[in-house]
Amino acid sequence: MGSASQSTNATRKARIEEMRRAELARERRNRFLVIAGSVVAVAALVAGGVFVVKSQSKDEGSADAKASSADGKFATGADGVRTWKGKLGRTHVTKRVHYPTVPPVGGDHNQVWMNCDGDVYTKAVDDMNAVHSLEHGAVWVTYNAKAPKADVAALAAKVEKTPYTLMSPDDDQADPIMLTAWGHQRTVTGASDPNVDTFLEKFVQGAQTPEPGAACTGGLSR
């Protein structure tokens, strides 16, 4: 059993490292394109006297930002995982977003993510920051006051050992312990529920991740 667990952890870590390398390469490529584009723009200004007007940023912080950024509903699979069927916005906003699920499974969010490198928070975190973590491929473990303290402690120990996860209390959720990834969510009976490991294995930097390899450090922390 121990060797199987070690093999699973090694596989997960290798996948995460591969995603991180890909993200770093993408960032370097984007920086090169930005620099190259800037050089071309300056040359055009000098040669033709053209005035370049910056287009409006995709990030919306005005009163025009939508209150809700998720349209659809859950469909529950045979494995007990609820999958969101519908739209999940990905715009960075400053106006408060009203999510249709608790905890949210995606949607427009704050431009700063909650640190999710095995981070355990003892106080509730802002949904808008946590959703950004989900976009980076993190799994969010949440619990309410009905969750047994022993289960909370055991889950915290598991999260601390698992990159691309975070944990926090959420007294507004319906069930004692819930697991959330971008577009996916399930309830578990406790820390020893085998569905905990199954969910982590499938959704930590899983195929649902909008931005695989994006950072889970350097964001917001309590």
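The structure contained in this document is the topic of the report that follows. (Residues numbered from 1 in each chain as written. Predicted model: local features only at pLDDT ≥ 70, side-chain atom pairs only at ≥ 80, totals over all residues. Heavy atoms only, no water.)

Concerning the pairing of strand E5 (residues 165–169)
Our working definition: When a residue's accessible area, from a 1.4 Å probe over protein chains only, is under 20% of the maximum for its type it is buried; when over 50% it is exposed; and in between it is partly exposed. Only DSSP runs of H or I with at least four residues qualify as helices, and only runs of E with at least two residues qualify as strands; both kinds are numbered from the N terminus onward. For two strands to be treated as a pair, DSSP must find no fewer than two bridges joining them.
When you tally the buried positions in E5, you get five out of five residues, the bulk of the element. The side-chain alternation of E5 yields two buried faces, one formed by Thr-165, Met-167 and Pro-169 and the other by Leu-166 and Ser-168. With three bridges connecting them, strand E3 (residues 117–120) and E5 associate as parallel partners. Looking at the pairing, Asp-119 lines up with Leu-166 of E5. For strand E4 (residues 139–143) and E5, the ladder comprises five bridges, and the chain directions are parallel. What sits directly across from Tyr-143, in E5, is Pro-169.

Some words on the sheet that holds strand E2 (residues 82–88)
Rules: Only the stretch in contact is used when a helix axis is fitted, and all axes are lines through C-alpha atoms; the angle between N-to-C directions ranges over 0 to 180 degrees. Contacts between residues were defined by any pair of non-hydrogen atoms, one from each residue, lying within 4.5 Å.
Pairing is mixed across the open sheet formed by seven strands, whose spatial order is E1-E2-E7-E6-E4-E5-E3. Every interior strand has two partners, whereas the edge strands, strand E1 (70–76) and E3, have only one. Here the strands of the sheet are splayed against their neighbours by 20° on average, with no regard to which way each runs. Where helix H4 (residues 194–203) meets the sheet, its contacts fall on E4, E5, strand E6 (177–181) and strand E7 (184–187), and the angle it forms with E6 comes to roughly 10°.

Description of the nonpolar core
Quick note on the threshold: What makes a nonpolar core is a set of buried Ala, Val, Leu, Ile, Met, Phe, Trp, Tyr and Cys residues whose side-chain atoms join them at distances within 4.5 Å.
Formed by 42 residues in total, the largest nonpolar core has its most connected members in Val-139, Leu-155, Leu-166, Met-167 and Phe-199. Breaking this core down by element, the ones donating at least two residues are E2, helix H2 (127–135), E4, helix H3 (149–160), E5, E6 and H4. If near-sequence neighbours (up to four positions away) are discounted, Leu-155 is found in contact with Val-141, Met-167, Ile-177, Ala-191 and Val-196.

Section: H3
For the record, the criterion: Expected helix span is computed as 1.5 Å times (number of residues minus one). When we speak of the arc, we mean the arc of directions from the helix axis to the C-beta atoms.
With 12 residues, H3 ought to run about 16 Å at 1.5 Å a step, and its terminal C-alpha atoms sit 16 Å apart, in line with that. All buried positions along H3 are accounted for by Asp-151, Val-152, Leu-155, Ala-156 and Val-159. The arc that holds every buried residue of H3, seen down its axis, measures 135°, which confines them to one face. Counted as exposed and oriented over 90 degrees from the buried face of H3: Ala-150 and Glu-160.

What about the pattern of salt bridges?
The following threshold applies: Every case where a carboxyl oxygen of Asp or Glu lies within 4 Å of a side-chain nitrogen of Lys or Arg is listed as a salt bridge.
Scanning the model with the defined rule gives four salt bridges in all. A salt bridge links Arg-90 to Glu-211, with the nearest nitrogen and oxygen atoms 3.2 Å apart. One end of the pair, Arg-90, is in the loop between E2 and E3; the other, Glu-211, is in the segment after H4, with 121 residues separating them in the sequence. Each of the salt bridges in this network shares a partner with another, and the network as a whole consists of Arg-90, Glu-135 and Glu-211.

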